[in-house]
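Spelled out from the first residue to the last, the chains are:
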Amino acid sequence: MNEKFLKPYNPQDTEQKIYKLWEESGFFNPDICVEKGITKADAPAFTIVMPPPNVTGQLHMGHAMMLTVQDIMIRYKRMLGFKTLWLPGTDHAAIATQSKVEKDILKTEGKNRNDLGREEMLRRINEFAKESHDTIASQIRAMGASCDWSREAFTLDEKRSLSVNTVFKKMYEDGLIYRGHRIVNWDPKGQTTIADDEIVYVEEKTKFYYFKYGPFTIGTSRPETKFGDKYVVMHPNDARYSAYKHGQKLTVEWINGPIEATIIKDDCIDMAFGTGVMTITPWHSTVDFEIAERHKLDREQIIDKYGKLLPIAGEAFAGLKIKDARDKIVATLEAKGLVEKIEDYTHNIATAERTGGTIEPQIMNQWFIAVNKEFTLPYSNISGIPSGSKTTLKELMRKTVAEKQIKIIPEYFDKTYFHWIDNLRDWCISRQIWYGHRIPVWYKKEQFADKYVDIKAPTDGNNWVQDEDTLDTWFSSGLWTFSTLGWPEETPDLKTFHPTDVLETGYDILFFWVARMILMTGYVLGEIPFKTVYLNGIVRDAKGQKFSKSLGNGIDPLDVAREFGADAGRMALIYSTAPGTDSKISNDKIKGYKHFANKLWNITRFVLTNTEGVTIDTSFSPWSEKDKTLIEERDALVKEVTKEFDEHMLHISAEKIYQYVWTRFADVILEESKKIFAEGNENDIISRKQFLLQTLESNLKLMHPFMPFVTEEIWQNIGKTNLLMTEKWPS
RNA sequence: GCGCCUUUAGCUCAGUUGGUUAGAGCAACUCAUUUACACUGAGAAGGUCGGGGGUUCGAAUCCCUCAAGGCGCACCA
């Protein structure tokens, strides 16, 4: 017996060494597994494409969770003999990364992005992204992730950029990408647009003002937008205002003197809210914009990109910031006797997820993806949408899940998913930041109207200027399952590994990412990107709080690995954690599984000490009666654990093995064996020794996906010449 | 406003399609022992499964309803 077993198990001495052993074996790569005869050439594929962590710093426990779940699935399938691919990568995360670097530069050098210029800024961001990437890659390794590093991808690398431009061009030619003046979410702080789902609503206590507007009283929480309000809107059936006709004009006294107001009747008005009358500001409100669209009304910009009032507001107000302008306007109206009353009011203000800036809706010339526009899908493998039929992107997203071609775990997230799709509007994909895929559109310098859309810049010698904007980061991550496999090239990887099998991620990016991958893959390939979506919950601290920098409660997965071992961290994350449910993690919990790793270690020591001179004999048959029963029990366990794995109930698998190993195998069977070895007859002793050896191996195999390091380390020290990682799963 | 989830032992949570006496970890309690392992073992204790109603031979599980907590979406001018 190796003397190692005389001391307690020490993860620090073990984990790095074991990871190196795996990585150097090459068996993270399915091609090498086939080449070396580990996997059959015609074995079915099992693929997971890793959700690429943002290159914004380092990984946290949420990443540790996703890495754990995926590695467990991958190791299980690899042992079952599948051609198993886990493809790792990182995400450039456009706004998140740029704003992080901008913040750092502002802090240390007092400079902003314009001081540095596009080129220098990008250089600095790339430098930061590179560092981040290296940190992240080493953290992924420390977790024991058995992913194929030879296929590693980055959303902004050359191959992925080619995919992005190719898809952009295709969508543009199909009329699904268009540029237009539409109302968008403008973040004055980040100086960029953001998508609807990048908005975070924050509750704010504010005032609600009632102003006299000619014969009407209108309510508003935003007086600063009211300068251009020359339309007054009411419900067509509102009896209180039946005297006023649609289109009727009247002169009313307003902020900067009398203006001509036009009556508009529209049934989107809630008669019960306020006075049932409102004025509209189409340039700065989504709802107002839609009213203006319906009735073809004028729009005027009141607030500029920096959140300041424009000259249209009149001399007294132009140039003021929103906050300063508000009180001044109210004072002006007050002086004119136009303020009827002011009430306290709570509403949700829209803020940008990444910068915290307050969103100002603005009409801007931006690029959009039309989600409701019909197009022809030439080839389709999506149930309910035959090849060559007309469909919409929204329908692609809906059908795949509704027809159960994509299964979401837990199932109840279907409803959330449909709810989101049904409320979905055109997706604004252009961003006014520098880090990301620059929009592959070129304009003739002289005639801005002349557009050239292609994968590469035009080379006809004319003065072409590329669009300044970059693409929403989710555009490139939407292509992730197939861009990572080499598309647009028709690679063998694409044929073998796509559609992928499981997409595992946190439920918090179901819309951001999962839905968009379904959209993009459906559109580009006429395929689903994955068969199963496994959603994990949010990992919280012992008190149930989200981990955050401001709370300072973050746990670094590397610290966990150092203190307790990555195996213990993995078990703590998976144990008692059902899919889709938030979980709490604490050092106490992790400690319990460190003890378990040591238990396995000592079980091995016991078995080795008591079976010296005995080797495994798989054809052994003179089992004692007692051991026959134990074998049945063990076989039943293997069956159950396997079944739970196949149904993605990893937490239950983990629990069953853990219980068996500790409370049955160690506490009962080993104790009983001591007696047999001391007093039993010869056959019982031989039978028991054989049973212990065989069951030890079976336990190690069953435990391997969960605790790969300690199980592999044991395997390497009980006289094995191969890797446990590529052993066959017991049956 | 629309929708989703949660409520099970002191704490943290499992409990797949309804089926014996509802489980685990941690904590606490009693005891044992230098043992394969103190990163230990044995034992005991702890629950009207949020409340109420219903379906059923049978409900933590299905249905209705109420309550508390959490979350998502939309948004009110």
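Residues numbered from 1 in each chain as written. Chains lettered and ligands numbered in written order. Predicted model: local features only at pLDDT ≥ 70, side-chain atom pairs only at ≥ 80, totals over all residues. Heavy atoms only, no water.

**Student:** In this structure, what is going on with the overall build of chain A? I would like to understand it.
**Tutor:** When you go through chain A residue by residue, the secondary structure sums to 22 helices and 27 strands. When the 731 residues of chain A are sorted by exposure, 56% land in the buried category. When contacts within chain A are restricted to residue pairs at least 6 apart in sequence, long-range pairs at least 24 apart make up 74% of them. Of the accessible surface of chain A, which amounts to about 31600 Å², a share of 50% is contributed by carbon and sulfur atoms. The averaged location of the 105 negative side-chain charges in chain A is 1 Å from the averaged location of its 94 positive side-chain charges. (Helix = DSSP H or I, 4+ residues; strand = E, 2+ residues; numbered from the N terminus. Buried < 20%, exposed > 50% of the residue type's maximum accessible area, 1.4 Å probe, protein only. Contact = heavy atoms within 4.5 Å. Areas by Shrake-Rupley, 256 points an atom, 1.4 Å probe, with all protein chains shown as cover. Lys, Arg positive; Asp, Glu negative; His and termini not counted. Charge placed at Lys NZ, Arg CZ, Asp CG, Glu CD.)

**Student:** Is there a simple way to explain the sheet that holds strand S20 (residues 441-444) in this structure?
**Tutor:** Two modes of strand pairing occur in sheets, parallel and antiparallel, and in both the strands are linked by backbone hydrogen bonds. The strand order S21-S20-S22 describes an open sheet built from three strands, whose pairing is antiparallel. In this open sheet, the two edge strands, each paired with only one partner strand, are strand S21 (451-453) and strand S22 (464-466). Between one strand and the next, the sheet's axes are offset by a mean angle of 30°, whatever the strand orientation. Sheet analysis places S20 next to S22, joined by three bridges and oriented antiparallel. Across the sheet, the residue bridging to tyrosine 443 is valine 465, located in S22. (Pairing = 2+ DSSP bridges. Axes fitted to C-alpha atoms, helices over the stretch in contact; angles between N-to-C directions.)

**Student:** Please clarify how the protein's contact with RNA strand B should be interpreted in this entry.
**Tutor:** Phe273, Met278, Tyr345, Arg425 and Trp662 are the nearest of the 47 residues found near RNA strand B. Counting only the atoms of RNA strand B that lie within 4 Å of the protein, the sugar and phosphate share comes to 63%. A distance of 3.4 Å is found between a sugar or linking oxygen of RNA strand B and a side-chain nitrogen or oxygen belonging to glutamate 655. Of all the secondary structure elements, the ones that give two or more residues to the surface near RNA strand B are strand S7 (199-213), strand S8 (216-220), strand S12 (277-279), strand S13 (339-352), helix H11 (413-422), helix H18 (587-610) and helix H20 (650-679). Here the surface near RNA strand B is built from residues that sort into 18 nonpolar, 15 polar and 14 charged. (Near = heavy atom within 4 Å. Polar contact = N/O pair within 3.5 Å; in protein donor to acceptor, adjacent residues only side chain to side chain. Nonpolar A, V, L, I, M, F, W, Y, C, P; charged D, E, K, R; others polar.)

**Student:** What's the story with the sheet that holds S7 in this structure? I'm lost.
**Tutor:** Here we have three strands laid out as an open sheet, ordered S8-S7-S13, and antiparallel in their pairing. Of all the strands in the sheet, just S8 and S13 have a single pairing partner and so form its edges. On average, each strand axis in the sheet is tilted by 20° relative to the strand beside it, whichever way the strands run. The pairing of S7 with S13 spans 13 bridges and is classified as antiparallel. Across the sheet, tyrosine 210 pairs through a bridge with lysine 341, a residue of S13. Contacting S7 and S13, helix H9 (residues 322-335) runs over the sheet at an angle of about 15° to S7.

**Student:** Can you walk me through helix H1 (residues 11-25) in this structure?
**Tutor:** The α-helix advances 3.6 residues per turn, and as a result positions three or four apart in sequence lie on the same side. Over its 15 residues, H1 extends 21 Å from the first C-alpha to the last, a length consistent with the 21 Å expected when each residue adds 1.5 Å. When we look at burial in H1, the residues that qualify are Pro11, Thr14, Glu15, Ile18, Tyr19, Trp22 and Ser25. Around the axis of H1, the buried residues are gathered within 130° of arc, so they sit on the same side. Those residues of H1 that are exposed and angled more than 90 degrees off the buried face are Gln12, Asp13, Gln16, Lys20 and Glu24. Packed against the buried residues of H1 are helix H2 (30-35), helix H3 (61-80), helix H6 (118-142), helix H16 (557-564), helix H17 (566-574) and helix H22 (708-716). The opening residue of H1 is asparagine 10, an N-cap whose side-chain oxygen sits 3.0 Å from the backbone nitrogen of glutamine 12. At the C-terminal side of H1, glycine 26 shows a positive phi close to 85°. (Expected span 1.5 Å × (residues − 1). Arc of directions from axis to C-beta.)

**Student:** Any chance you could explain the pattern of salt bridges here in plain terms?
**Tutor:** Pairs may arise between side chains of opposite charge once their charged atoms sit close together. Applying the stated criterion to the full structure yields 58 salt bridges. Of the charged contacts, one joins glutamate 672 and arginine 688 as a salt bridge, the two residues approaching to 2.9 Å between their closest N and O atoms. Note that glutamate 672 is positioned in helix H20 and arginine 688 in helix H21 (residues 682-703), a separation of 16 residues in sequence. Looking at arginine 688, the relative accessible area reads 0%, which means it is buried. A single salt-bridge network, built from bridges that share partners, covers Glu109, Glu120, Arg123, Arg124 and Glu127. (Salt bridge = Lys/Arg side-chain N within 4 Å of Asp/Glu carboxyl O.)

**Student:** I tried to follow the nonpolar core on my own but got confused; where do I start?
**Tutor:** Most often, soluble globular proteins keep nonpolar side chains buried together rather than apart. Ile140, Met571, Phe691, Leu692 and Phe706 are the most contacted members of the largest nonpolar core, which has 96 residues in total. Not counting chain neighbours up to four residues away, the residues in contact with leucine 692 comprise Phe606, Val607, Phe665, Ile669, Leu670, Ser673 and Phe677. Val49, Phe168, Trp367 and Ile429 belong to the second-largest nonpolar core, a separate cluster that totals 63 residues. (Core = buried A, V, L, I, M, F, W, Y, C linked by side-chain atoms within 4.5 Å.)

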